[in-house]
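# Examination of the molecular architecture
Each chain, letter by letter, is given below.
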Amino acid sequence: MWGDLIQEVRVAQMGVQILFGFLLTVVFTPTFADLSAMDRRIYIVTVVVGAAATGALIGPVSLHRLVSGRRVKPQAVTWASRLTFVGLILLLVTMVCALLLILRVATHDPYVPWIVAGVVVWYVLCWFVLPLWTRRRHTSNTSH
């Protein structure tokens with residue numbers, strides 16, 4: 001289970017690190033000064049949540065490194081799995097906030113919240129509903 005978890009974390013880490021790196025550069029662009037107060041608040045929330053997501057998704061690597069060889073692999077897998085799940089939720093919030101900010105700045109369209117809500121529904125379906133449905137439908141009730 002540890003190997004599968006680390007592979008999953010690598011995929012999520014790459015995405016959150018690229019997004020976070022991009023977010024860090026936005027404040028240094030000339031147009032940042034033109035953002036409304038609300039857009040600046042959205043940006044700050046996005047960066048803080050992105051930093052938290054980065055920490056949670058890198059956490060399993062640090063956990064593995066610090067407990068390796070201590071014969072606590074089952075506990076390490078449990079905690080790494082929890083960190084990864086929290087990281088995915090924080091990544092979801094980061095992506096939604098970033099999308100909200102980008103669409104607000106790019107379009108000023110009153111439909112932006114509805115578009116973002118549709119993307120949230122899609123993420124929740126792909127990241128949580130489908131996996132939980134699959135687990136429930138295809139997990140045997142007999143213990144191994």
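Residues numbered from 1 in each chain as written. Predicted model: local features only at pLDDT ≥ 70, side-chain atom pairs only at ≥ 80, totals over all residues. Heavy atoms only, no water.

Across all of its chains, the model carries one salt bridge by this definition. Asp39 serves as the salt-bridge partner of Arg104, at 2.5 Å between the closest nitrogen and oxygen. With Arg104 in helix 3 (residues 73-107) and Asp39 in helix 2 (residues 37-67), the pair connects residues that are 65 residues apart, well separated along the chain. (Salt bridge = Lys/Arg side-chain N within 4 Å of Asp/Glu carboxyl O. Helix = DSSP H or I, 4+ residues; strand = E, 2+ residues; numbered from the N terminus.)

So, on to the state of the cysteines. The final tally for this structure, using the stated rule, is zero disulfides. We note that Cys97 lacks a disulfide partner, and the nearest cysteine sulfur, in Cys126, lies 19 Å from it. The class of Cys97 is buried, set by a relative accessible area of 14%. (Disulfide = S-S within 2.5 Å. Buried < 20%, exposed > 50% of the residue type's maximum accessible area, 1.4 Å probe, protein only.)

To continue, consider the packing of aromatic side chains. By the definition in use, this model includes four aromatic pairs. Ring geometry for Phe32 versus Tyr43: centroids 5.2 Å apart, planes at 70°, classification edge-to-face. Note that Phe32 is positioned in the loop between helix 1 (2-26) and helix 2 and Tyr43 in helix 2, a separation of 11 residues in sequence. Here Phe32 and Tyr43 have matching classes, each one buried. With a centroid separation of 6.5 Å and an interplanar angle of 70°, the aromatic rings of Trp127 and Phe128 are classed as edge-to-face. Judged by its relative accessible area of 27%, Trp127 is partly exposed. Connected via pairs of aromatic rings, a cluster forms that spans Phe85, Tyr123, Trp127 and Phe128. In this arrangement the basic side chain of Arg82 is found over the ring face of Trp79, its NZ or CZ atom lying 4.8 Å from the centre. (Phe/Tyr/Trp six-rings, centres within 6.5 Å; stacked < 30°, edge-to-face > 60°. Lys NZ or Arg CZ within 6 Å of the ring centre and 35° of its normal.)

Below, the discussion takes up the nonpolar core. Core analysis: the largest hydrophobic core is formed by 16 residues, its most contacted members being Val16, Leu19, Phe32, Tyr43 and Val47. Looking at this core, the elements that each hand over two or more residues are helix 1, helix 2 and helix 3. In terms of residue count, the dominant contributor to this core is helix 1 (six residues). If we ignore the near neighbours within four places in the chain, the residues touching Val16 are Gly50, Ala53, Thr54, Leu57 and Leu91. (Core = buried A, V, L, I, M, F, W, Y, C linked by side-chain atoms within 4.5 Å. Contact = heavy atoms within 4.5 Å.)

Interaxial distance between helix 1 and helix 3 falls to 10 Å at its minimum, and their mutual angle equals 30°. With respect to helix 3, the axis of helix 1 lies roughly parallel. Of the two elements, helix 1 crosses helix 3, and the hand of that crossing is left-handed. Judged by residue contacts, Trp2, Leu5, Val9, Ala12, Val16, Leu19 and Leu23 of helix 1 engage Lys73, Ala76, Val77, Ala80, Ser81, Thr84, Leu88, Leu91, Thr94, Met95 and Ala98 from helix 3. Looking at the contact of helix 1 with helix 3, its residues break down into 14 nonpolar, three polar and one charged. (Axes fitted to C-alpha atoms, helices over the stretch in contact; angles between N-to-C directions. Parallel < 35°, antiparallel > 145°, perpendicular 65-115°, else oblique. Left-handed = near helix turned anticlockwise from the far one by under 90°. Nonpolar A, V, L, I, M, F, W, Y, C, P; charged D, E, K, R; others polar.)

Here we come to the layout of surface pockets. Empty space within the largest pocket amounts to approximately 730 Å³. Sorting the residues of the lining of the largest pocket by element identifies helix 1, helix 3 and helix 4 (112-138) as the ones contributing at least two each. In terms of residue count, the dominant contributor to the lining of the largest pocket is helix 1 (nine residues). Here the lining of the largest pocket is built from residues that sort into 16 nonpolar, four polar and three charged. Roughly 270 Å³ of volume is contained in the second largest pocket. Counting residues per element, the ones that place at least two in the lining of the second largest pocket are helix 1, helix 2 and helix 3. The leading source of residues in the lining of the second largest pocket is helix 3, at four residues. In terms of residue class, the lining of the second largest pocket is built from 10 nonpolar, four polar and two charged. (1 Å grid on protein atoms, 1.4 Å probe; cavity = no way out; pocket = protein on both sides within 12 Å on 5 of 7 lines; lining within 4 Å. Points joined across faces, edges and corners; volume = space filled by probe spheres on them.)

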